[in-house]
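Each chain, written out:
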Amino acid sequence: MMFKGLEIRPPKKSDSIKAYLDFISELIDENAFLLINKKPTMKEQKVWFKERLSNVKKGKEILLCVWDGERHAGNCSAKKEMWKNDQNVEIGLALRKEYRGKGLGEKLLREIIELARKKFKPKNIYLRVFDENKIAQNLYHKIGFREIARFPNWVLHDGKYQDAVYMLLVDKSRGVT
Ligand SMILES: CC(C)(COP(=O)(O)OP(=O)(O)OC[C@H]1O[C@@H](n2cnc3c(N)ncnc32)[C@H](O)[C@@H]1OP(=O)(O)O)[C@@H](O)C(=O)NCCC(=O)NCCS
């Protein structure tokens with residue numbers, strides 16, 4: 001699938017691991033509102049990628065990767081949890097700075113929700129976001145996520161504790177408003 005000249009697709013075995021490493025390294029340098037704060041080594045990134053491919057193959061995870069030619073612009077994941085939690089799906093989303101504010105985040109999120117609903121038929125689709133990440137929260141709210149829980153002072157970001165906010169995708173069948 002294409003979006004404004006960018007290719008959106010699942011990961012492929014032939015993908016450049018270095019492209020994924022460059023992407024995550026840039027977000028870490030930016031100190032984006034993400035949990036990760038340590039740049040992976042090439043070896044760690046290879047392990048990460050192998051696990052993604054394997055989980056996608058096993059049907060445990062959906063991953064949509066955005067490519068601007070050889071450049072990895074961002075990705076969006078939907079991960080099925082395990083065991084008695086396996087009806088719950090957690091969403092993750094991050095883009096390089098230059099690809100933000102153009103509707104790509106919204107496109108990916110809507111796409112992954114549709115795919116996750118079809119594939120996993122989940123009870124809950126949820127995500128976690130830092131309290132100060134208002135841009136992401138605006139997007140999530142627009143799509144239909146609502147805050148259901150908050151772990152106070154949970155994440156140390158930029159020398160300051162942030163609440164971890166849990167948001168649930170609410171539809172007519174769920175009673176949360
Ligand atoms: C959060 C993120 C994925 C949003 O993706 P995006 O492509 O920039 O967002 P879109 O252009 O699709 O915008 C969708 C909605 O997000 C909100 N939004 C986007 N940019 C915004 C801004 N600068 N200020 C306020 N709200 C904003 C708006 O609600 C917007 O809808 P609108 O255009 O109707 O107003 C992206 O900013 C990002 O990757 N940030 C860094 C990593 C991150 O924080 N990931 C989320 C971790 S939980």
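In short, a report on the structure. (Residues numbered from 1 in each chain as written. Predicted model: local features only at pLDDT ≥ 70, side-chain atom pairs only at ≥ 80, totals over all residues.)

### Considerations on the overall build of the chain
Thought 1: When helices and strands are counted, the chain shows four helices and eight strands.
Thought 2: Against the globule reference of 16 Å for 177 residues, the chain gives a C-alpha radius of gyration of 16 Å, in line with a compact fold.
Thought 3: Evaluated residue by residue, the chain yields a buried proportion of 24% over its 177 residues. (Helix = DSSP H or I, 4+ residues; strand = E, 2+ residues; numbered from the N terminus. Rg over C-alpha atoms; globule rule 2.2 N^0.38 Å. Buried ≥ 20, exposed ≤ 12 C-beta atoms within 10 Å, placed from the backbone.)

### Examining the packing of helix H1 (residues 17-30) against helix H2 (residues 42-57)
Any two packed helices are characterised by how steeply their axes cross, that is the angle between the axes, and by the distance between the axes.
Thought 1: As a packed pair, H1 and H2 sit with axes 10 Å apart at the nearest point and diverge in direction by 105°. Judged by the inter-axis angle, H1 sits roughly perpendicular to H2. Every residue of H2 that contacts H1 at Ile-17, Tyr-20 and Leu-21 is listed here: Met-42, Gln-45, Lys-46 and Phe-49.
Thought 2: For the contact of H1 with H2, the residue count by class is five nonpolar, one polar and one charged. (Axes fitted to C-alpha atoms, helices over the stretch in contact; angles between N-to-C directions. Parallel < 35°, antiparallel > 145°, perpendicular 65-115°, else oblique. Contact = placed C-beta atoms within 7 Å. Nonpolar A, V, L, I, M, F, W, Y, C, P; charged D, E, K, R; others polar.)

### Some points on the environment of Lys-18
Thought 1: Topologically, Lys-18 is positioned in helix H1.
Thought 2: Taking the number of C-beta atoms within 10 Å as the measure of exposure, Lys-18 has 12 and is therefore exposed.
Thought 3: Sequence spacing of Lys-18 and Met-42 is 24 residues, and the spatial spacing of their C-alpha atoms is 7.3 Å.

### Some words on the site of the ligand
Thought 1: Around the ligand there are 20 residues in total, and Arg-100, Gly-105, Glu-106, Asn-138 and Leu-139 lie nearest to it.
Thought 2: Breaking the shell around the ligand down by element, the ones donating at least two residues are strand S5 (88-95), helix H3 (104-120) and helix H4 (134-143).
Thought 3: Considering each element in turn, the shell around the ligand owes the most residues, five residues, to H4.
Thought 4: Broken down by class, the residue content of the shell around the ligand amounts to 11 nonpolar, five polar and four charged. (Near = placed C-beta within 6 Å.)

### As for the sheet that holds strand S2 (residues 6-9)
Thought 1: With mixed pairing, eight strands are arranged side by side in an open sheet as S1-S2-S3-S4-S5-S6-S8-S7. In this open sheet, the two strands that pair with only one neighbour each are strand S1 (2-3) and strand S7 (145-157).
Thought 2: Where S1 lies against S2, two bridges are found, and the strand directions are antiparallel. Paired with Met-2 across the bridge in S2 is Glu-7. (Pairing = 2+ DSSP bridges.)

### Remarks on H1
Thought 1: Taking 1.5 Å per residue, 14 residues should reach 20 Å; H1 reaches 20 Å between its end C-alpha atoms and fits that length.
Thought 2: Taken as a whole, H1 has its buried residues at Tyr-20, Leu-21 and Phe-23. Taken around the axis of H1, the buried residues stretch over an arc of 160°, which confines them to a single face. Facing away from the buried side of H1, by more than 90 degrees, are the exposed residues Lys-18, Asp-29 and Glu-30.
Thought 3: Packed against the buried residues of H1 are H2 and strand S4 (71-80).
Thought 4: Immediately downstream of H1, the backbone of Asn-31 shows phi near 55°, a positive value. (Expected span 1.5 Å × (residues − 1). Arc of directions from axis to C-beta.)

### Remarks on the nonpolar core
Thought 1: If you look at the biggest cluster of nonpolar residues, it comprises 29 residues, and the most contacted ones within it are Leu-64, Leu-108, Ile-112 and Ala-116.
Thought 2: Secondary-structure elements contributing two or more residues to this core are strand S3 (61-68), S4, S5, H3, strand S6 (124-130), H4 and strand S8 (160-169).
Thought 3: With seven residues, H3 is the single largest residue contributor to this core.
Thought 4: Apart from residues lying up to four places away in sequence, Ala-116 is in contact with Ile-62, Ala-78, Val-89, Pro-122 and Ile-125. (Core = buried A, V, L, I, M, F, W, Y, C linked by C-beta atoms within 7 Å.)

### Some details on the pairing of S2
Looking along a regular strand, one sees the side chains alternate between the two faces of the sheet.
Thought 1: The hairpin formed by S1 and S2 contains two residues between the paired strands, and Lys-4 there has a positive phi angle of roughly 50°.
Thought 2: Across three bridges, S2 lies against S3 in antiparallel orientation. Looking at S3, one finds that Glu-7 is bridged to Trp-67.

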